[in-house]
Amino acid sequence: MLNATIRKCLPQTSSAIGYSKRLAPGNFTVASQSRSVHRTATNHEDDANLSYYHKASTKPLLYRTIGQQIRLTAEKYPNNEALISRHEERKFTYSDVLEKADKIAASFFELGLQRGDRVAILAPNVTEHYLTLLGAYRAGMIAVGINPASQLPELEYALNLVQAKALITIERFKTQNYLGMIEQLIPELPNCSPGKIKSARVPSLSTVIMNSSKKTPGIITFDDLQSLPQQGSISDIERLQTTIDPDSGANLLFTSGTTGKPKAALLSHFGILNNAEIWARRAEMGARDHRICLQVPMFHVFGLTFGVVCPIFYGTSIVLPAAGFNSLDSLEAIQKDRCSILYGTPTMYVDMMNELRKTDMSLPPVDLALVGAAACSPQLLKDIGAAFKLRKVCTGYGMTEMSGSIFNSDRRDTTESMLDTVGLLVDHLEAKIVDKTGQTVPFGTPGELLIRGYVNMLGYWNQPDKTKETIGEDRWLKTGDQFVLNPNGYAKVVGRLKELIIRGGENIYPKEIEDVLNTHPSILESHCIGVPDERLGEEVCAYVRLMDNAKFDMAELKSFCQGKIAHFKVPRHLRITELFPRTASGKVQKFKLLELFTAEKNKNS
């Protein structure tokens with residue numbers, strides 16, 4: 001049975017799971033709602049041309065937790081396959097998933113964890129990652145996604161920042177020896193009982209759970225975890241659900257940390273759930289029985305919101321081709337499991353298409369591909385559509401601090417809008433574009449994108465000053481991205497504000513050059529950066545990855561760009577590379593490209 005502390009959290013009477021008719025909890029004032037509706041109705045001349053858009057919707061937001069939604073889905077689609085892990089040869093129905101999630105939730109309580117405690121997950125795309133996420137939601141605890149590529153100092157920093165109470169991991173992944181890292185981080189383990197760890201370096205941590213057949217002192221195996229609770233305590237987990245606030249934290253996800261140490265963004269059940277549900281409707285996920293090829297990692301907001309939560313609404317299946325991305329494994333999953341929806345970063349699609357050219361593999365037509373987590377050129381979107389015989393290729397824009405997606409394509413969008421924009425603003429959100437002084441600019445004018453709505457994070461964990469830098473008192477969240485907003489709610493990414501290149505006083509956006517270079521038949525992908533120049537301040541350097549056996553030089557680059565972009569935007573420097581430095585979510589780390597350029601220049605000087 002659950003302990004006395006947990007019983008105090010249980011309701012005396014149950015209440016129905018319902019809908020919210022609010023635009024967002026605590027994010028909008030009555031004045032801001034009235035203003036957006038009033039503008040739409042009267043279209044005042046003094047503000048009609050300003051880059052502000054409110055995506056109203058007649059469908060109310062869902063006011064429930066992710067854990068409540070899991071139970072509703074298990075009741076409606078009990079025999080639908082929820083998870084198919086090809087690399088582990090394991091399958092689970094939604095009925096199985098609910099049962100296992102509740103066992104995990106009850107086990108956490110048996111180990112002394114409480115609601116609101118942080119449960120860190122250090123693992124790639126494996127079954128235990130998926131089940132632990134759902135177990136934490138059902139327990140009212142906060143799941144913490146940690147990059148599986150983290151090294152020991154990064155792991156220690158992450159655990160201490162969020163004051164993690166438990167760590168769930170696996171023994172090894174690729175070159176990562178997680179067991180060795182933990183033994184080094186917690187040398188006290190041999191003298192600790194499982195669930196009662198006393199660590200000098202991570203004082204908050206009491207429990208380490210590992211998917212391993214090896215018995216290690218102080219560590220609980222994942223199999224032992226699920227055998228801890230009695231049946232009574234498992235049944236109590238359902239009674240717990242109506243006491244968990246949808247506005248409370250569900251996940252802590254770390255920012256990429258390209259400048260300074262990563263911050264941990266706290267996302268709510270309400271934000272994640274509704275963001276996922278709106279995309280599921282736009283993608284028409286309920287129109288048929290789909291299988292999603294999930295290549296992006298679950299510790300990232302793309303993999304979490306769209307990969308884990310989105311499929312829940314219609315009993316859709318998730319297919320894990322591999323623990324970490326592998327282009328051949330993904331192609332085999334599409335072929336053998338007949339995946340009808342693909343999720344991936346631009347680079348993942350580039351690698352799959354490159355692999356497809358080397359094989360005689362015949363793929364079945366794919367219904368839809370979602371390209372996200374990084375900017376994608378129009379040419380690449382066209383190539384993806386042709387290579388995978390897609391009925392629809394969709395793009396979008398989102399960020400960790402906003403629970404997932406802010407703009408995304410609609411099934412009914414034209415091909416032109418999908419190629420030229422990142423889609424339509426997500427339902428119930430407000431967007432505006434401002435200049436450097438914070439003034440709203442006219443439609444069609446570039447500026448920084450600001451977003452306000454239910455998707456906004458609750459804040460950066462234990463970093464109130466950083467939170468205030470990102471979210472103002474008016475609840476507008478600054479994205480740091482340069483956008484152009486259209487009056488119809490569709491938007492186009494111009495580039496990252498921090499990546500703007502200023503050459504002799506001219507502003508150059510790298511994405512504009514990359515979109516041109518990516519149309520060259522020899523180029524797989526390109527990324528442009530600004531590099532120091534004594535005369536002009538900065539010049540453009542293009543790093544490109546080529547097709548196998550292809551040749552490309554500076555003369556070809558200049559010839560190809562002529563007549564397509566202004567002369568001052570044509571890269572002065574060219575570097576050919578086989579690999580780009582990336583984050584685990586697939587974003588190219590341009591600051592590392594600059595480091596490579598600088599190191600090369602210093603070596604040759």
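Scroll up to find the structure this text is about.
Note that this is a predicted model, so its numbers are computed, not measured.

Attention now moves to the overall build of the protein. When its secondary structure is counted, the protein shows 19 helices and 31 strands. Over its C-alpha atoms the protein spans a radius of gyration of 24 Å, differing by no more than 12% from the 25 Å that the globule rule assigns to 605 residues. With the C-alpha coordinates aligned to their principal axes, the bounding extent of the protein is approximately 75 × 60 × 50 Å. Taken over 605 residues, the protein has a buried fraction of 60%. Expressed as a percentage of contacts within the protein between residues at least 6 apart in sequence, the contacts between residues at least 24 apart total 72%. Carbon and sulfur atoms provide 49% of the accessible area of the protein, an area that totals close to 25100 Å². Side chains of the protein carry 70 positive and 65 negative charges; the gap between the two charge centres is 2 Å.

Attention now moves to the state of the cysteines. Evaluated as defined, the whole model comprises zero disulfides. With no disulfide of its own, Cys293 lies 4.6 Å from the sulfur of Cys339, the closest cysteine sulfur. With a relative accessible area of 0%, Cys293 lands in the buried category.

As a further point, take the nonpolar core. Grouped together as the largest cluster of nonpolar side chains are 137 residues, with contacts concentrated most on Tyr130, Trp279, Tyr343, Phe407 and Ile451. Looking at this core element by element, the count peaks at nine residues for helix H4 (residues 94-110). By size, the runner-up hydrophobic cluster in this structure holds 27 residues, among which are Ala333, Leu356, Leu381 and Leu419.

Turning next to the packing of aromatic side chains. All chains considered together, the criterion is met by nine aromatic pairs. Both rings, one in Phe270 and one in Tyr454, keep their centres 6.1 Å apart while their planes meet at 85°; by these two values the pair is edge-to-face. With Phe270 in helix H10 (residues 269-282) and Tyr454 in the loop between strand E23 (447-452) and strand E24 (459-460), this residue pair connects regions lying 184 residues apart in the sequence. Each member of the pair Phe270 and Tyr454 is classed as buried. Each residue in the set Trp279, Phe302, Phe306 and Tyr343 is aromatic and connected to the rest through ring pairs, giving one cluster. The positively charged end of Lys564 is found above the aromatic ring belonging to Phe560, 4.2 Å away from the centroid.

Another point: the pairing of strand E16 (residues 317-320). Alternating residues of E16 divide into Ser317 and Val319 and Ile318 and Leu320, and every residue in both groups is buried. Pairing analysis gives three bridges linking strand E4 (residues 81-85) to E16, with the strands arranged parallel. Counterpart to Ile84 in the pairing with E16 is Val319. Of the pairings in the sheet, the one linking strand E15 (residues 291-294) to E16 comprises three bridges and is parallel in character. Within the sheet, the bridge partner assigned to Arg291 lies in E16 and is Ser317. Taken together, E15, helix H11 (residues 301-309) and E16 constitute a β-α-β crossover, and its handedness is right-handed.

This paragraph deals with the sheet that holds strand E18 (residues 368-371). Reading across from one edge, E5-E4-E16-E15-E17-E18-E19-E20-E21 is the order of the nine strands in this open sheet, with mixed pairing throughout. Looking along the sheet, the strands with just one partner apiece sit at the ends: strand E5 (90-93) and strand E21 (424-425). Pairing of E18 with strand E19 (residues 392-399), which is carried by four bridges, proceeds in the parallel orientation. Across the sheet, the residue bridging to Leu368 is Lys392, located in E19. H4 rests against E4 and E5 of the sheet, and its axis sits at about 90° to E5.

A word on the side chain of Glu539. The residue Glu539 is located in strand E30 (residues 537-546) in this model. For Glu539, a relative accessible area of 2% translates into the label buried. Within polar-contact distance, the side chain of Glu539 engages the side chain of Arg503 at 3.1 Å. Not counting residues within four places of it along the chain, the set of residues in contact with Glu539 comprises Ile501, Arg503, Ile529, Gly530, Val531, Asp533, Arg572 and His573.

Another point: helix H6 (residues 152-162). The complete set of buried residues in H6 reads Leu152, Leu155, Glu156, Ala158, Leu159, Leu161 and Val162. Those residues of H6 that are buried are in contact with strand E6 (118-122), strand E7 (142-146), strand E8 (166-170), helix H7 (178-185), strand E13 (249-254) and strand E14 (264-268). Phi for Gln163, located one or two positions after H6, is positive at around 55°.

Buried residues of helix H12 (residues 327-336): Ser327, Ser330, Leu331, Ala333 and Ile334, and no others. Down the axis, H12 shows its buried residues gathered within 155° of arc, on one side only. Buried positions along H12 lie against E15, E16, strand E17 (341-344) and helix H13 (346-358). A side-chain oxygen of the first residue of H12 lies 3.1 Å from the backbone nitrogen of Leu328; this N-cap is Asn326. Looking at the residues trailing H12, positive phi occurs at Arg338, about 50°.

What counts as what
Residues numbered from 1 in each chain as written. Predicted model: local features only at pLDDT ≥ 70, side-chain atom pairs only at ≥ 80, totals over all residues. Heavy atoms only, no water. Helix = DSSP H or I, 4+ residues; strand = E, 2+ residues; numbered from the N terminus. Rg over C-alpha atoms; globule rule 2.2 N^0.38 Å. Buried < 20%, exposed > 50% of the residue type's maximum accessible area, 1.4 Å probe, protein only. Contact = heavy atoms within 4.5 Å. Areas by Shrake-Rupley, 256 points an atom, 1.4 Å probe, with all protein chains shown as cover. Lys, Arg positive; Asp, Glu negative; His and termini not counted. Charge placed at Lys NZ, Arg CZ, Asp CG, Glu CD. Disulfide = S-S within 2.5 Å. Core = buried A, V, L, I, M, F, W, Y, C linked by side-chain atoms within 4.5 Å. Phe/Tyr/Trp six-rings, centres within 6.5 Å; stacked < 30°, edge-to-face > 60°. Lys NZ or Arg CZ within 6 Å of the ring centre and 35° of its normal. Pairing = 2+ DSSP bridges. Right-handed = clockwise from strand over helix to strand, strands pointing away. Axes fitted to C-alpha atoms, helices over the stretch in contact; angles between N-to-C directions. Polar contact = N/O pair within 3.5 Å; in protein donor to acceptor, adjacent residues only side chain to side chain. Arc of directions from axis to C-beta.

Bear in mind that shape data such as this cannot, by itself, settle questions of function.
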